[in-house]
Amino acid sequence: MKTIFAYTALLAGLAAGHISLISPCPRYSSVGTDCPSLPSGQSIDTQMNAPISSVTLGTSEPLCKHTVPWPTPAATWKAGETVTVKFNPNAAIHSGGNMEFSISYDGGKTFAVVYQVLRYAFLNSKPAGLTNTAEVLEYSFKLPEDLPNSDSAVFAWTWVNASGNREFYMNCADVKITGSSSSSYTAKEVTIANYPGYPTIPEFDGNYDTGINYYTTDAKNITVSASGSSGGSGSGSTDSGSSSSPSYSSSADAAGSEGSGAASSAAPVSSAPASSGSSATSDAAAAESTAAPAGSDAAGAGAGAAGGAYSTAEPDDGSANSSDAENPRNAYGADTSGSAAESPAEAAAGGAADASSSGSGGDAGGGECTSGLMRCSGTGYQICNSGKWSPVYDCGVGASCKGDEGHIYCGWP
């Protein structure tokens, strides 16, 4: 098994247990591409992969995490053009989940969605079981043509993970929007969950419709404007006759997808597969999906009250509704009885006390574990592979493994 996280320690503690946006460069990122200069008085963030909230751990940070914007935009986009967003390959994707890309014109107070990836974020299709290995690290989609122009719009990526601690992820990048004659944009309001004051979405446990109502039937529309003002416009709907709801189509075909499945006026959307060996947990997940590399995804679009449209991508799982019979916890023999069932992250933390600090040789952990989990062992870390803990991987000279439960990363003392 090859050593991974080789550059994690060099980046002074980039959180390795999760994932983050790298392009457009989110605020203060240590791994972003084409990043602007830091604002005065701010510091590089070496833990960009970490969530901004964990219900399990009782921790939270402000929305966007960093509230002071870049002094100049990280990207300039034209309304109606196709853009590509990219993610850190040093990642653990917690079996997928729901993610959205959205835009704000009031400094990050309110966000309207421009694109959704429901159920199988970072994956091509429903995984066979728990996995931390990314299959998709790039998403391309068409921006709505009626996004208002702005020199200081805030682009956000948000994600609720399918497995592990109940967390909410959010990165924000400052962008410039040009080429529009519209003064406002109406679309679904961004979904916030697993964050103080908002609903908690439990682990999916194989049912990828868990919490999907917060992204569809229970969602509300919002209007954002170039002046920075915003206002709600009622509830969204998944009825095919509603102008506020997106249509859905799978990456393979429209059969079995949610919603109308009708052809959309939006431009085709593509997702780029993760390159082999690029994922931080490429050797970790025994139940990694064998789906073919991602190709072109059909994109649905729903028109908002002001003509706004956003797209939703749902990779094909062969069924409109995922079944509990394919529960990934059951596939790995974990206890799923009752609400007190131990989460994968808790299982990792609970086993950490047994880990050995005997360096990089041999199976230091022993015993069974849930594939894809990570834990600290001395100054290094281990990954559960095929139900067994790996040898101890060194974090690098001067660095050590830090964190507990769902927050494992290599950092400086």
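Computed from a prediction, not measured in an experiment: that's the story for all the values here. Throughout, a residue's number is its position along its own chain's written sequence, starting from 1. Local features are withheld for residues below a pLDDT of 70 in this predicted model, meaning they are given only at 70 or higher, and side-chain atom pairs are given and counted only at 80 or more; totals for whole chains, interfaces and linings count all residues. Computation of side-chain values: all heavy atoms of the structure, hydrogens and water removed.

Digging into the overall build of the protein
- Looking only at helices and strands, one finds 2 helices and 22 strands in the protein.
- When accessible area is computed with a 1.4 Å probe and restricted to protein chains, residues below 20% of their type maximum are described as buried, those above 50% as exposed, and intermediate ones as partly exposed. Within the span of the protein, comprising 413 residues, buried residues form 55% of the whole.
- The contact criterion used is simple: two residues touch if any of their non-hydrogen atoms lie within 4.5 Å. Here the contacts in the protein between residues at least 6 apart in sequence split such that 71% fall between residues at least 24 apart.
- We get accessible surface area from the Shrake-Rupley algorithm with a probe of 1.4 Å; when it comes to residues, only the shown protein chains can shield them. Total accessible area computed for the protein in this model is approximately 15000 Å², and 48% of it derives from carbon and sulfur atoms. Helix numbers and strand numbers start at the N terminus; a helix is a DSSP run of H or I with at least 4 residues, a strand a run of E with at least 2.

Looking at the nonpolar core
- Within this scheme, the nonpolar core is defined by two criteria: the residues are buried Ala, Val, Leu, Ile, Met, Phe, Trp, Tyr or Cys, and they are joined through side-chain atoms within 4.5 Å. The biggest cluster of nonpolar side chains holds 62 residues, and the ones touching the most others in it are Phe87, Phe101 and Phe122.
- Broken down by element, this core gets its largest block of residues, 7 residues, from strand E9 (residues 150-161).

Some points on the pattern of salt bridges
- Whenever a carboxyl oxygen of Asp or Glu lies within 4 Å of a side-chain nitrogen of Lys or Arg, that contact is scored as a salt bridge. Tallying each qualifying case throughout the model produces 6 salt bridges.
- A salt bridge links Asp174 to Arg27; its shortest N-O distance comes to 2.7 Å. You can see Asp174 sitting in strand E10 (residues 167-178) and its partner Arg27 sitting in the loop between strand E1 (21-23) and strand E2 (53-54), a full 147 residues away along the chain. When sorted by exposure, Asp174 lands in the same class as Arg27, which is buried.
- When the shortest N-O distance is used, the salt bridge between Asp151 and Lys176 registers 3.8 Å.

Here's the deal with unusual backbone geometry
- In this structure, Pro24 follows Ser23 across a cis peptide bond, with omega equal to 0°.
- Mapped onto the elements of the fold, Pro24 is located in the loop between E1 and E2.
- In this structure, Phe122 is a non-glycine residue whose phi angle is positive, near 70°.
- One can find Phe122 in the loop between strand E7 (112-117) and strand E8 (136-142).

Details of the side chain of Ser20
- Looking at the element boundaries, Ser20 is found in the segment before E1.
- One polar contact links Ser20 to Asn49, side chain to side chain, over a distance of 2.7 Å. Any pair of N or O atoms that falls within 3.5 Å is considered a polar contact. Within protein, one atom must be able to donate a hydrogen and the other to accept it, and sequence-neighbouring residues count only if both atoms are side-chain atoms.

Considerations on the confidence of the model for the protein
- The quantity called pLDDT is the predictor's confidence in a given residue, expressed from 0 to 100. Within the protein, residue pLDDT values average 70, and 57% of them lie at 70 or more.
- Counting interchain partners and residues more than four positions distant, the pLDDT-below-50 stretch residues 318-365 has 94 contacts.

Some thoughts on the state of the cysteines
- Put simply, a disulfide is two cysteine sulfurs that come within 2.5 Å. Overall, the coordinates contain 2 disulfides when judged by the stated rule.
- Between the sulfur atoms of Cys25 and its disulfide mate Cys35 the distance is 1.9 Å. Between Cys25 and Cys35, the disulfide has an S-S torsion of 90° and is therefore right-handed. Of the two residues, Cys25 sits in the loop between E1 and E2 while Cys35 sits in the loop between E1 and E2, which places them 10 residues apart along the sequence.
- Accessibility expressed as a relative area gives 0% for Cys25, which makes it buried.

Quick word on the packing of aromatic side chains
- Any two rings among Phe, Tyr and Trp, with Trp reduced to its six-membered ring, count as a pair given centres within 6.5 Å; such a pair is stacked if its planes are under 30 degrees apart, edge-to-face if over 60, and tilted if neither. For the structure on display, the rule yields 20 aromatic pairs.
- Relative to Tyr115, the ring of Phe101 lies with its centre 6.1 Å away and its plane at 20°, an arrangement referred to as stacked. Of the two residues, Phe101 is situated in strand E6 (residues 97-104) and Tyr115 in strand E7; the sequence distance between them amounts to 14 residues. Take Phe101 and Tyr115: they sit in the same class, and that class is buried.
- Where Phe168 meets Tyr195, the ring centres are 6.1 Å apart and the plane angle is 65°; that geometry is what we call edge-to-face. Taken together, the positions of Phe168 in strand E10 and Tyr195 in the loop between strand E11 (184-188) and strand E12 (220-225) put the pair 27 residues apart, joining distant regions of the chain.
- Classification of Phe168 by relative accessible area gives buried; the value is 1%.
- The buried category is assigned to Tyr195, whose relative accessible area is 13%.
- Linked through ring pairs, Trp77, Phe87, Phe101, Tyr115, Phe122, Tyr139, Phe141, Phe155, Trp157, Trp159 and Tyr169 together constitute an aromatic cluster.

Some details on the side chain of Lys65
- Among the secondary structure elements, Lys65 is positioned in the loop between strand E3 (59-60) and strand E4 (75-78).
- Looking at Lys65, its side chain comes within polar contact range of the side chain of Asp45, at 2.7 Å.
- Excluding anything up to four places from it in sequence, Lys65 contacts Asp45, Gln47 and Ile52.

Some details on the environment of Asp146
- Here Asp146 shows up in the loop between E8 and E9.
- Each C-alpha atom of the pair Asp146 and Ser181 lies 7.2 Å from the other, and the pair is 35 residues apart in sequence.

A word on the environment of Thr133
- Structurally, the position occupied by Thr133 is in the loop between E7 and E8.
- A relative accessible area of 5% places Thr133 in the buried class.
- Sequence spacing of Thr133 and Pro89 is 44 residues, and the spatial spacing of their C-alpha atoms is 9.6 Å.

Concerning the pairing of E6
- Burial within E6 is extensive, with 8 of its 8 residues counted as buried.
- By the alternation rule, side chains of E6 split into Gly97, Met99, Phe101 and Ile103 and Asn98, Glu100, Ser102 and Ser104, which are all buried.
- Note on pairing: two strands pair once DSSP finds at least 2 bridges between them. Here 8 bridges tie E6 to E9, and the two strands are oriented antiparallel to one another. Following the sheet pairing, Ile103 is matched in E9 by Phe155.

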